[in-house]
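Observations on the three-dimensional arrangement
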Number of protein chains: 2
Amino acid sequence: MSKSALEIAKAARAAFEASQLLTSEQRTNALLAVRDELERQKDAVLEANRRDMSAAEELVAAGKLSASLVKRLDLSSTEKWNSMLQGVSDVAKLADPTNKVTYATKLDDGLELYRVTCPIGVLLIIFEARPEVVVNIASLAIKSGNAAILKGGKESTESAKVLANCIRTALASSSVPEDYIQVVQTREEISELLEQDKYIDLVIPRGSNALVSHIQHSTRIPVMGHADGLCTVYLDASADSAKACRVAVDSKTNYPAACNSAEILVVHKDILESVWPRVADALVKAGVELRCDEPSLTSIKPSQDSDLIKPSISTDYDTEFLNLTMAVKAVASFDEAVAFINTHSSHHTDAIVTESQELARRFCRSVDSAGTFVNASTRFADGLRYGFGTEVGISTGRTHARGPVGLEGLVIYKYVLMSGGQDGHVVGEFGTGGRAYQHSPLAPSLPY
Amino acid sequence: MSKSALEIAKAARAAFEASQLLTSEQRTNALLAVRDELERQKDAVLEANRRDMSAAEELVAAGKLSASLVKRLDLSSTEKWNSMLQGVSDVAKLADPTNKVTYATKLDDGLELYRVTCPIGVLLIIFEARPEVVVNIASLAIKSGNAAILKGGKESTESAKVLANCIRTALASSSVPEDYIQVVQTREEISELLEQDKYIDLVIPRGSNALVSHIQHSTRIPVMGHADGLCTVYLDASADSAKACRVAVDSKTNYPAACNSAEILVVHKDILESVWPRVADALVKAGVELRCDEPSLTSIKPSQDSDLIKPSISTDYDTEFLNLTMAVKAVASFDEAVAFINTHSSHHTDAIVTESQELARRFCRSVDSAGTFVNASTRFADGLRYGFGTEVGISTGRTHARGPVGLEGLVIYKYVLMSGGQDGHVVGEFGTGGRAYQHSPLAPSLPY
């Protein structure tokens, strides 16, 4: 049973290669089989989950684990269980992201080139506590035609093992190879897997910044994820007061622990005495601690006498608080705001509140982030809200995929060149004195 | 003048950020200014080039450098000079790859989401001898809106310096910041630049496999390139004899030093006595040394008595010969051929010769390479032949870009969310008991 990391990586690659001729329907059927098997094995899963929970509760009692982690571990509520199963059905229903023709051109009579989307290959997904992520990620991998190796947090070991067994049992009865989904348990295995760049094509860490950052530093395999979620809201001189309050409060307080929550509020100096005090009031009423630079502090201190208003220190503008704390910075101009954001934000999502269409456009072009928003909360930066049907993760990288990533982030493409000519096609007959390339567009029909 | 690697990286990032509001026309005009300045400075460039040439010729005389390198250095032929300038004009004329809307959806009344292509940021391009690559790559960077740091081979130092000065002089008179294009000279600078993942977004090594492989092992920044070009041609049982000869000979001999040349020929056992001897004859006549496994050797040895036919050793099937040598492998079945190719090819480009449409399709789906070709030479794998107008490089990676990469490989995208509502938009009003996301498609018009 206990394979080496190399064997696991090779088995994943072999499963991927063996799956190339599967149809979309076969992969969808495999997903439905997974759902059925999970339903069938509900008792076994919940029993394993209870073992994880007891072990975790002991650690909590000993002060070695936070109580919130136990809550994330728990699969026993009907709502959580059903939503896990519903997730499988939802992914099954999504459009297949593979076999889309994105470029088609005729190079010569009888010589046709097609660019066709296809899976990336083998994914290594590393996540933390929540065991249902096994099912979620396995569904996305099967749907998109990628093999996956999964590693969950050690607290969810028992649950993850049984969930993975359900998935593999279901796959064994389907057309998708069983080794499409493999689960590993230990950190040592992960270190060794991160070396297998010959067999593994993409690493997706889902979890804390510390985890993502550690992975990014430990492998040559491309990593898709975000190490920081340092989002800003900029209140322009032209900001509408009501919109400013709503957007700032929602961006900060709707779910402070999320990566798309705002950590910094940038305020134009012209509204320090008008809009800003109202926004500060709304934030304080929502329980937000404001860490203000001197101008933004001075303009609210006389009217506001809350313990929640404090002077900022310079590191506040580079801190992902993930709680009800917000750093406030006054700027002398729109351009200073943009420069400040480009320096301090993590290029995840930044919003402007403005009534100027011209400045809205300039902001969206000039701020170099995955999301640039106008009069809307940074919290909208999310795959489901964007309409992708699912979210693989959020990427602050600048290659492959950026921002919230749906199933499209799990595919790449290949070029298929078909000669239907009498003699086959050779390059030596083209060029000076020979044939010319036609490069005339073709209908994007699938060549296979 | 001598900036540290960190200062260079920061200057590139600042230039990139300062360029966000430039129009397509302004970038095109900058390119035309570059061309003009190069024409104006032709004498100075050629003089610098002569200094590089003399130094290189001395090294050749001392046996320390190959003569072919001197040829690659030389800019003085009218053809080479003109083609360098024409390259700038050609890139100027290409379609702007930025500001294309690739997804647009209405989330709510007055809340519109757009995905818009945009430059990646700062590119680090490392290349070897040919000095005109400075001009070529600078053109691609300016056209696509990316800042670039360039490092050429030390043999072309003088030429590269003067070419870079021309480009920067031209930029200084244009709307594009001068620091958009910077040239560094030493290996030490490169090592330090490869550490600057905060400021540099993509490394593109153009040159030998050794160079690419070294870079891939030396940085956390994403690398776009190909470390190997191990392409195969598979002659199926159904192969047409004439097509087999043409495709095999062109794939091997059209330009043996190129990464898209074939190194391995895979032959189905059923044609070892029929098609294969003719193909072997054609290859030998073209001067190709054949390294054959036992079955493929046995079937041609009686009729062919050439010194060019030899038994193979196992490493021949993992070697990028880059010359007129080809490893030959007989297989018992189509499936064995596919498995062999997936194991031994570098996933660059692989071709099948077959008269079976069904096997052609299966080959293209099952072979897990950037290019899968039917009855066509592997040498077609090239950005210009594919119709991209230019080639940034060829990628054997499986994320971001795969295969020949045109200007599209130098862009990513950002999400722009625009609220035109009365009150701005907040997430807290959506979800259970609140508003539902509409996700209705919008016309893909540019939001800024």
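Fair warning: this is a prediction, and the values are worked out from it, not measured in the lab. (Residues numbered from 1 in each chain as written. Chains lettered and ligands numbered in written order. Predicted model: local features only at pLDDT ≥ 70, side-chain atom pairs only at ≥ 80, totals over all residues. Heavy atoms only, no water.)

Take the overall build of chain A next. Scanning chain A from terminus to terminus reveals 15 helices and 17 strands. Among the 448 residues that make up chain A, the fraction classed as buried is 60%. Pairs at least 24 apart in sequence give 72% of the contacts found in chain A among residues at least 6 apart. Once the 46 positive and 57 negative side-chain charges of chain A are each reduced to a mean point, those two points are 2 Å apart. (Helix = DSSP H or I, 4+ residues; strand = E, 2+ residues; numbered from the N terminus. Buried < 20%, exposed > 50% of the residue type's maximum accessible area, 1.4 Å probe, protein only. Contact = heavy atoms within 4.5 Å. Lys, Arg positive; Asp, Glu negative; His and termini not counted. Charge placed at Lys NZ, Arg CZ, Asp CG, Glu CD.)

Turning next to the pattern of salt bridges. Residues and elements named next belong to chain A. Applying the stated criterion across every chain yields a total of 62 salt bridges over all chains. Two residues, Arg130 and Glu132, come together in a salt bridge whose shortest N-O distance is 3.1 Å. A relative accessible area of 35% means that Arg130 is categorised as partly exposed. The residue Asp197 makes a salt bridge to Arg220 at a minimum N-O spacing of 2.6 Å. Here Asp197, found in the loop between α8 (187-193) and β6 (202-206), pairs with Arg220, found in the loop between α9 (209-216) and β7 (231-235); they are 23 residues apart in sequence, far enough to count as distant. (Salt bridge = Lys/Arg side-chain N within 4 Å of Asp/Glu carboxyl O.)

The next subject is the UniProt feature "domain: Aldehyde dehydrogenase" (unreviewed entry) in chain A. Per the UniProt entry, the sites bearing "domain: Aldehyde dehydrogenase" (unreviewed entry) are residues 6-286 of chain A in this numbering. Along residues 6-286 of chain A the backbone is 50% helical and 17% strand, and the end-to-end C-alpha distance reaches 52 Å. (UniProt positions renumbered as here; feature names shortened; annotations may be inferred.)

The eleven strands are arranged β17(A)-β1(A)-β2(A)-β16(A)-β13(B)-β12(B)-β7(B)-β8(B)-β11(B)-β9(B)-β10(B) in an open sheet whose pairing can be described as mixed. Both edges of this open sheet fall to β17 (440-441) of chain A together with β10 (309-311) of chain B, since each of them pairs with a single strand only. Across four bridges, the pairing between strand β7 (residues 231-235) of chain B and strand β12 (residues 349-353) of chain B is parallel. Residue pairing in the sheet places Leu235 of chain B in a bridge with Val353 of chain B of β12 of chain B. Against the sheet, helix α13 (residues 334-344) of chain B makes contact with β7, β8 (262-268), β11 (325-331) and β12 of chain B, and its axis sits at roughly 160° relative to β8 of chain B, the strand it touches most. (Pairing = 2+ DSSP bridges. Axes fitted to C-alpha atoms, helices over the stretch in contact; angles between N-to-C directions.)

Let us look at the domain arrangement of chain A. Partitioning chain A into structural domains gives domain 1 (5-97 + 117-216) and domain 2 (231-386). The gap between the C-alpha centroids of domain 1 of chain A and domain 2 of chain A is 37 Å. (Domains from an automatic or database assignment.)

Looking now at the sheet that holds strand β5 (residues 181-184) of chain B. All names here are of chain B. With respect to topology, four strands assemble into an open sheet ordered β5-β4-β3-β6, the strand pairing being parallel. Both outer strands of the open sheet, β5 and β6 (202-206), are each paired with one neighbouring strand and no more. The average angle at which neighbouring strand axes cross in this sheet is 20°, direction not considered. As judged from the five bridges shared by strand β3 (residues 122-127) and strand β4 (residues 147-151), these two strands associate in the parallel manner. Looking across to β4, one finds that Val122 is bridged to Ala147. Against the sheet, helix α9 (residues 209-216) makes contact with β3 and β6, and its axis sits at roughly 160° relative to β6, the strand it touches most.

What follows is about the side chain of Glu155 of chain B. All names here are of chain B. With respect to the element layout, Glu155 can be found in the loop between β4 and α7 (157-172). A relative accessible area of 18% means that Glu155 is categorised as buried. Ignoring any residue separated from it by four or fewer positions in sequence, one finds Glu155 in contact with Asp52, Leu65, Leu69 and Leu73.

Turning to the pairing of β7 of chain B, a few remarks are in order. All names here are of chain B. Counting buried residues in β7 gives five out of five residues, a clear majority hidden from the surface. Residues Cys231, Val233 and Leu235 point to one face of β7 and Thr232 and Tyr234 to the other, with burial holding for every one of them. Across five bridges, the pairing between β7 and β8 is parallel. When the bridges of β8 are listed, Leu235 appears paired with Val267. The parallel pair β7 and β8, bridged by helix α10 (residues 241-253), forms a crossover whose chirality is right-handed. (Right-handed = clockwise from strand over helix to strand, strands pointing away.)

Right, let's talk about the environment of Glu47 of chain A for a bit. Its location among the elements puts Glu47 of chain A in helix α3 (residues 42-61). Separated by 26 residues in sequence, Glu47 of chain A and Leu21 of chain A place their C-alpha atoms 38 Å apart.

In this section: the interface of chain A and chain B. Taken together, the contact between chain A and chain B spans 79 residues of the former and 79 residues of the latter. Interface area for chain A against chain B, summed over the two sides, is near 7200 Å², with a carbon-plus-sulfur share of 54%. At the boundary of chain A with chain B, the tally comes to eight salt bridges. The residue Arg246 of chain B makes a salt bridge to Glu429 of chain A at a minimum N-O spacing of 2.7 Å. At the junction of chain A and chain B, the tally comes to 59 residue pairs in polar contact (both at pLDDT 80 or more). (Buried area = accessible area lost by both parts, 1.4 Å probe. Polar contact = N/O pair within 3.5 Å; in protein donor to acceptor, adjacent residues only side chain to side chain.)

Quick look at the relation of the copies chain A and chain B now. Rotating chain A by 180° and translating it 0.0 Å along the rotation axis places it on chain B, where the RMSD comes to 0.1 Å. Read as a symmetry element, the transformation amounts to a two-fold axis. Minimal C-alpha separation from the rotation axis in chain A is found for His400 of chain A, amounting to 1.8 Å. (Least-squares fit on C-alpha atoms with pLDDT ≥ 70 in both.)

Under the criterion given, the structure shown has 22 aromatic pairs over all chains. Between Phe388 of chain A and Tyr415 of chain B the ring centres are 6.0 Å apart and the planes differ by 50°, which places this aromatic pair in the tilted class. A residue pair is termed interchain when its members come from two chains, as with Phe388 of chain A in the loop between α15 (383-386) and β14 (393-395) and Tyr415 of chain B in strand β16 (residues 411-419). Of the two residues examined, Phe388 of chain A and Tyr415 of chain B, each falls in the buried class. An aromatic cluster is present here, built from Tyr103, Tyr413 and Tyr415 of chain A together with Tyr386 and Phe388 of chain B joined pairwise through their rings. One residue, Arg115 of chain A, lies across the ring of Tyr413 of chain A, its end atom 5.2 Å from the ring centre. (Phe/Tyr/Trp six-rings, centres within 6.5 Å; stacked < 30°, edge-to-face > 60°. Lys NZ or Arg CZ within 6 Å of the ring centre and 35° of its normal.)

Residue and element names in this part refer to chain B. Put simply, helix α2 (residues 24-40) and α7 touch, their axes get as near as 8 Å, and they point 130° apart. Viewed along their axes, α2 and α7 adopt a mutual orientation that is oblique. Pair α2 / α7 crosses with right-handed handedness. Across from Ala30, Ala33, Val34, Glu37 and Leu38 in α2, the residues of α7 making contact are Leu163, Cys166, Ile167, Thr169, Ala170 and Leu171. In the contact of α2 with α7, the residues fall into nine nonpolar, one polar and one charged. (Parallel < 35°, antiparallel > 145°, perpendicular 65-115°, else oblique. Left-handed = near helix turned anticlockwise from the far one by under 90°. Nonpolar A, V, L, I, M, F, W, Y, C, P; charged D, E, K, R; others polar.)

Another aspect to go through is the pairing of strand β3 (residues 122-127) of chain A. The side chains of a regular strand alternate, first on one face of the sheet and then on the other. Residue and element names in this part refer to chain A. Most of β3 is tucked away, with six of its six residues classed as buried. Side-chain alternation along β3 places Val122, Leu124 and Ile126 on one buried face and Leu123, Ile125 and Phe127 on a second face that is also buried. Of the crossover connections in this fold, the one passing from β3 over helix α6 (residues 132-144) to the parallel strand β4 (residues 147-151) is right-handed. Here β3 runs beside β6; their pairing, made up of five bridges, is parallel. Bridge pairing in β6 links Leu123 to Leu202.

All names here are of chain A. Assignment of secondary structure puts Thr219 in the loop between α9 and β7. Given the relative accessible area of 15%, Thr219 is considered buried. A distance of 2.8 Å separates a polar atom in the side chain of Thr219 from the backbone oxygen of Leu194. Among the polar contacts listed, one links the side chain of Thr219 to the backbone nitrogen of Ile221, at a separation of 3.1 Å. Once you skip the residues sitting within four places of it in the chain, Thr219 turns out to touch Leu194 and Val203.

The next subject is unusual backbone geometry. Residues and elements named next belong to chain B. Within the chain, Leu322 stands out as a residue other than glycine whose phi angle is a positive 60°. Relative to the helices and strands, Leu322 resides in the loop between β10 and β11. The residue His400 is not glycine, and still its phi comes out positive at about 65°. Mapping His400 onto the fold places it in the loop between β14 (393-395) and β15 (403-405). The exposure class of His400 is buried, given its relative accessible area of 17%.

Turning our eyes to something else, we now look at the environment of Arg362 of chain B. Here Arg362 of chain B lies in helix α14 (residues 357-366). Sequence separation between Arg362 of chain B and Ser173 of chain B is 189 residues, and the spatial gap between their C-alpha atoms is 55 Å. Among residues more than four places away in sequence, those in contact with Arg362 of chain B are Leu21 of chain A together with Phe334 and Asp335 of chain B.

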